[in-house]
Amino acid sequence: MYNDIGLKEFVLDYSCIINFAKSELSEDGSDFVIRRNMENMTEYILQLIERDELWRFYKTKEWRSLKRKILTEHHYECAECRRLSRITRYDRDKDGRRKLISTVHHVKHVRDHPELALSRTYTDVGGVHDNLIPVCKACHNKLHPEKHRQAATKDRFMNVERW
């Protein structure tokens, strides 16, 4: 997709966006409809962020479809482990049983960049990079330490006298 001055911005999964707005491309092949649909998705995500209900985005048909595609394309292998020359395809569920990884991480976080929520890649000074990567639970926890730090401080007893 190209912006007004002809620079490539990011690659979108068009099927997800088209499904979101329940419309089709025009006969002349213009991507006006796709741009409009992406704006609708971005507005929807911004509303969810305002209401602190971003979890609803992760339940949408569009996200689940794209997530499944990303996991399949990467053969259910954790991208962060692979970067460290390890292959991790399984996580443990609550009962301790092995299951294929099921987490796809947004490199550019949705709260900060809602326009990239369904974008496979993003462009910065260094070039084009993957925006959606499959990760195991352990790596996802490392990528989001802020989520676990808050939970740990709530549960821990603090004495009145702290030295």
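Since this is a predicted model, take the numbers as computed values, not measurements.

A few words now on the layout of surface pockets. What the largest pocket holds in volume is close to 800 Å³. Considering the residues around the largest pocket, the lining is formed by 24 residues, among which Tyr 58, Val 104, His 140, His 144 and Lys 147 are closest to the centre. Among the secondary structure elements, those contributing two or more residues to the lining of the largest pocket are α3 (61-73), β3 (103-106), α5 (137-143) and α6 (145-155). Element by element, the count of residues in the lining of the largest pocket is highest for β3, at four residues. Looking at the lining of the largest pocket residue by residue, the class counts come to six nonpolar, eight polar and ten charged.

Once that is clear, we can look at the confidence of the model for the protein. Per-residue confidence for the protein gives a mean pLDDT of 79; residues scoring 70 or more make up 67%. With pLDDT under 50 throughout, residues 1-11 is counted as low confidence; its partners more than four residues away or in other chains account for 24 contacts. The low-confidence segment residues 17-33, where pLDDT is below 50, has 26 contacts with residues more than four positions distant or belonging to other chains.

With that settled, the discussion passes to the side chain of Thr 88. Inspection of the secondary structure puts Thr 88 in the loop between α4 (79-83) and β1 (90-92). Under the relative-accessibility criterion, Thr 88 is labelled buried at 18%. Beyond its immediate stretch of four places on either side in the chain, Thr 88 contacts Tyr 76, Glu 77, Cys 78, Cys 81 and Cys 136.

The subject of this paragraph is the packing of aromatic side chains. Following the criterion strictly, the structure yields three aromatic pairs and no others. Centre to centre, the rings of Phe 57 and Tyr 58 are 5.1 Å apart; their planes meet at 70°, and the pair counts as edge-to-face. Classification of Tyr 58 by relative accessible area gives partly exposed; the value is 32%. Between the aromatic rings of Tyr 58 and Trp 63, the centroid separation amounts to 5.5 Å while the plane-to-plane angle is 85°, which identifies the pairing as edge-to-face. Through successive ring pairs, a cluster of aromatic residues spans Phe 57, Tyr 58 and Trp 63.

Each value, and the rule that gives it
Residues numbered from 1 in each chain as written. Predicted model: local features only at pLDDT ≥ 70, side-chain atom pairs only at ≥ 80, totals over all residues. Heavy atoms only, no water. 1 Å grid on protein atoms, 1.4 Å probe; cavity = no way out; pocket = protein on both sides within 12 Å on 5 of 7 lines; lining within 4 Å. Points joined across faces, edges and corners; volume = space filled by probe spheres on them. Helix = DSSP H or I, 4+ residues; strand = E, 2+ residues; numbered from the N terminus. Nonpolar A, V, L, I, M, F, W, Y, C, P; charged D, E, K, R; others polar. pLDDT = per-residue confidence, 0-100. Contact = heavy atoms within 4.5 Å. Buried < 20%, exposed > 50% of the residue type's maximum accessible area, 1.4 Å probe, protein only. Phe/Tyr/Trp six-rings, centres within 6.5 Å; stacked < 30°, edge-to-face > 60°.

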